[in-house]
Amino acid sequence: MPNVVVIGAQWGDEGKGKLVDLFTEEADVVVRFQGGNNAGHTVVVDGQKTILHLIPSGILHPGKTCVIGNGVVVDPVVLAQEIAELKERGFLKDDNQLVLSLDAHVIMPWHQALDIAREQRAGAGKIGTTGRGIGPTYEDKVARRGLRVRDLIDEARLARKVKDRLPAAREELARLGAKLDEEDGALVQRYAELGRRLAPYAQDASLWLHKAMKAGKSLLFEGAQGTLLDVDHGTYPFVTSSNTVAGNAACGSGVGPTAIDHVIGITKAYSTRVGSGPYPSELKDATGEELRRIGAEFGATTGRPRRTGWIDALALRYAVRVNGLDGLAMMKLDVLTGFPEVKIAVGYRCGDRTYDEMPSDLETLERCEAIYESLPGWTEKLDGLRRWEDLPATARDYVKHVAKLVGVEVVAVSVGADRGETIVMKNPFHVKKRAAG
Ligand code: IMP
């Protein structure tokens, strides 16, 4: 059975959760491989809204297993709470449905406090992080002083690790004019208790995935955030602290890259961005306001209004390149209904220079303005439509034109918020493994 990676092709919030939820029908296992509870997936099933930050939305499907891989940073408070809420609502009846990597790094209270304090200090230069402690946790991971799930579930090790790290974190917090009120012993006790609650899920996730593949199970890798927020390939430093691109599905879960058959990128029919950083196709006018209102563009994690703009073919072409995309799924096409014209950024102007590929230099990108192609809009409501042929010709032309500019096919379009409101033209789980060579 094929293994498929789904990642965001823009700045996150593309609607990955919805597509992943749909594709989960075809997969046996859903795997998260990076990020943490900075992500937020809103899934609407039969009109009921569920927001998940850490656990893949596949958990809403009985019989599917969800894996939180080693590349994820886990806030145990959030994870324990999500588990409790899911159980309360009748999901996750079988604890074997969730696998938590022993090697995933743990977000501790000082990570979150440092994230917030540093952002406050940074003033105008701030990244606009979600304030969840993501960056400081990845920093500790790379600095080889992090705490992993295997430490959390062993009280003696937890106490030792906290003792090693906490004094320096308190010192840094004090320098930033912040502090943690909780005293060391109480903190260890609270986290040891969380460790006990999470221990039933903790295992060697790489080995578990290897066995699942050997048994013929099909894996769906669910990316968080988006390509342009990748720490290497995004608009650095206005990025998150992990690799969001498809290649990290392998590193962040402990499978080899040869296990991956297909990579699908998710884009909105327009674009959004949360937080600071360059965004050449941003609309700061009434049209941008309309997109925000109609598209309900407010963060699932922080509630912040999202910046909005037209779709950007350069950004998507870049996403095709750095992810090796086989196809694109275009979400929220219905939001564009009623706009007299729909625009696509097809180039950038920066001073007297023009670009037809995304410039890699941030300062250049910051000064770029988008050059648009304009296509006629459509007035028909799309939400009841279930077949590609039924879409208005102008909407189809728009999708086809984006595909042509970007250089990959559009395999699905979404026409409404509900699970059923997605038209899948080509399901990657029904396509045979890519031929070698
Ligand atoms: P962090 O991941 O909280 O460190 O935030 C770094 C940047 O990534 C900020 O601009 C955030 O707004 C952005 N970001 C993080 N997670 C998401 C997400 O799930 N969707 C969209 N933007 C995100």
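Residues numbered from 1 in each chain as written. Predicted model: local features only at pLDDT ≥ 70, side-chain atom pairs only at ≥ 80, totals over all residues. Heavy atoms only, no water.

Observations regarding the state of the cysteines
Selection rule: Throughout, a disulfide means two cysteine sulfur atoms within 2.5 Å of one another.
Within this structure, the stated rule accounts for 0 disulfides. With no disulfide of its own, Cys368 lies closest to Cys350 among cysteine sulfurs, the gap being 4.4 Å.

Digging into the site of the ligand
Going by this rule: We call a residue near a molecule or strand whenever a single non-hydrogen atom of that residue lies within 4 Å of it. Polar contacts here mean pairs of N or O atoms no more than 3.5 Å apart (in protein, one a potential hydrogen donor and the other a potential acceptor; neighbouring residues in sequence count only if both atoms are side-chain atoms). Exposure was quantified through the Shrake-Rupley algorithm and a 1.4 Å probe, taking into account, for residues, occlusion by the shown protein chains and nothing else. Amino acids outside the nonpolar list (Ala, Val, Leu, Ile, Met, Phe, Trp, Tyr, Cys, Pro) and the charged list (Asp, Glu, Lys, Arg) are all regarded as polar, and Gly is one of them.
The full set close to the ligand counts 15 residues, and Asp13, Asn38, Thr130, Thr240 and Arg304 are the nearest of them. Asp13 has a polar side-chain atom sitting 3.0 Å from a nitrogen atom of the ligand. A distance of 2.6 Å separates an oxygen atom of the ligand from a polar atom in the side chain of Thr130. Burial of the ligand by the surrounding chains reaches 97%, relative to a free accessible area of 470 Å². Split by residue class, the shell around the ligand holds 6 nonpolar, 7 polar and 2 charged.

Re the domain arrangement of the chain
Quick reminder of the rule: Domain borders in the structure are assigned automatically or taken from a domain database. Here a residue-residue contact requires only that any non-hydrogen atoms of the pair lie within 4.5 Å. Buried area is a sum: the accessible area each of two parts loses on coming together, probed at 1.4 Å, counted once for each and added. In what follows, salt bridge is the name for a side-chain nitrogen of Lys or Arg lying within 4 Å of a carboxyl oxygen of Asp or Glu. Numbering goes from the N terminus for both helices and strands, where a helix is a DSSP run of H or I of at least four residues and a strand is a run of E of at least two.
Taken as a whole, the chain is organised into domain 1 (4-98 + 204-263), domain 2 (105-198) and domain 3 (266-430). Put simply, the middle of domain 1 and the middle of domain 2, counted by C-alpha atoms, are 23 Å apart. At the interface, 23 residues of domain 1 touch 19 residues of domain 2. With both chains or domains summed, domain 1 and domain 2 bury close to 1,600 Å², and 66% of this area falls on carbon and sulfur atoms. There are 0 salt bridges connecting domain 1 and domain 2. For the interface between domain 1 and domain 2, the tally reads 4 residue pairs in polar contact (both at pLDDT 80 or more). Take the side of domain 1 that touches domain 2: its biggest share by element is 6 residues, from helix H2 (residues 76-88). Residue classes in the side of domain 1 that touches domain 2 are distributed as 12 nonpolar, 10 polar and 1 charged.

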